[in-house]
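# A closer look at the structure
Okay, here's what each chain looks like letter by letter:
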Amino acid sequence: QVTLVESGGGLVQAGGSLRLSCAASGSIFSINVMGWYRQAPGKQRELVADITRGGASNYADSVKGRFTISRDNTKHTVYLQMNDLKPEDTALYYCHADAYTRGTSRYVPGGAFDAWGQGTPVTVSS
């Protein structure tokens, strides 16, 4: 099983910063893409940012220039540095991993696994 655990959410004033982290654990062979999604009340879930194992990143237009995604492949951890936060950023932030589980050993892949964290709340006050 692959489990994602997020941390770093909380309350912050507009213009402030937060750093989210998400650590994957369990039977992991590799993780191709890790990313962050968010869902605000009354809105659909949207991609905030993601990053490949090789470091190629992608951002939603609404956060480009303010957020930075990074990852530590050894630790199976992805981070989201959020600067200049706005009230519109208020949402539940979910970590996601496009992973392959282990097969018969740490060197043998099993099957693809689409893992999601439980979400960490981010609230930005005006």
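This section reports on the structure supplied with the text. (Residues numbered from 1 in each chain as written. Predicted model: local features only at pLDDT ≥ 70, side-chain atom pairs only at ≥ 80, totals over all residues. Heavy atoms only, no water.)

A separate point is unusual backbone geometry. At His-76, a position not held by glycine, the phi torsion is positive, near 55°. Here His-76 is to be found in the loop between strand S7 (67-72) and strand S8 (77-82). Positive phi values are uncommon outside glycine, yet Asp-84 reaches one of about 50°. Along the chain, Asp-84 falls in the loop between S8 and strand S9 (91-102). (Helix = DSSP H or I, 4+ residues; strand = E, 2+ residues; numbered from the N terminus.)

Right, let's get into the pairing of strand S3 (residues 18-26). Summarising the sheet, strand S1 (residues 2-7) and S3 pair through 6 bridges and their orientation is antiparallel. Paired with Thr-3 across the strands is Ser-25, a residue of S3. Across 6 bridges, S3 lies against S8 in antiparallel orientation. Of the residues in S8, the one forming a bridge with Leu-20 is Leu-80. (Pairing = 2+ DSSP bridges.)

Moving on to the side chain of Arg-38. In this fold, Arg-38 is placed in strand S4 (residues 28-39). Of the polar contacts made by the side chain of Arg-38, one reaches the side chain of Glu-46; its length is 2.8 Å. (Polar contact = N/O pair within 3.5 Å; in protein donor to acceptor, adjacent residues only side chain to side chain.)

Membership of the largest hydrophobic core comes to 32 residues, with the highest contact counts inside it found for Trp-36, Leu-80, Met-82 and Tyr-93. Those elements giving two or more residues to this core turn out to be S1, S3, S4, strand S5 (46-52), S7, S8, S9 and strand S11 (120-125). (Core = buried A, V, L, I, M, F, W, Y, C linked by side-chain atoms within 4.5 Å. Buried < 20%, exposed > 50% of the residue type's maximum accessible area, 1.4 Å probe, protein only.)

Among the secondary structure elements, Asp-89 is positioned in the loop between S8 and S9. In this structure Asp-89 comes out as buried when scored by relative accessible area, which is 1%. Within the structure, Asp-89 has its side chain in polar contact with the backbone nitrogen of Lys-86 (distance 2.8 Å). Aside from chain neighbours lying at most four places away, what touches Asp-89 is Arg-38, Val-63, Arg-66, Phe-67, Asp-84, Val-122 and Val-124. (Contact = heavy atoms within 4.5 Å.)

Let us now look at the sheet that holds S7. A sheet is described by the order of its strands in space; here 4 strands give the open sequence S1-S3-S8-S7, paired in antiparallel fashion. Every interior strand has two partners, whereas the edge strands, S1 and S7, have only one. Averaged over all pairs of adjacent strands, the angle between their axes in this sheet comes to 15°, without regard to strand direction. Direction of pairing for S7 relative to S8: antiparallel, over a ladder of 6 bridges. In the strand pairing of S8, Asp-72 is matched with Thr-77. (Axes fitted to C-alpha atoms, helices over the stretch in contact; angles between N-to-C directions.)

Let us now look at the pairing of S4. Sheet topology note: the S4/S9 ladder contains 10 bridges and is antiparallel. Bridging from a neighbouring strand, Ile-28 pairs with Thr-101 of S9. Bridge count between S4 and S5: 6 bridges; the pairing is antiparallel. What sits directly across from Trp-36, in S5, is Ala-49. Adjacent in sequence and paired antiparallel, S4 and S5 are bridged by 6 residues, among which Gly-42 carries a positive phi angle near 80°.

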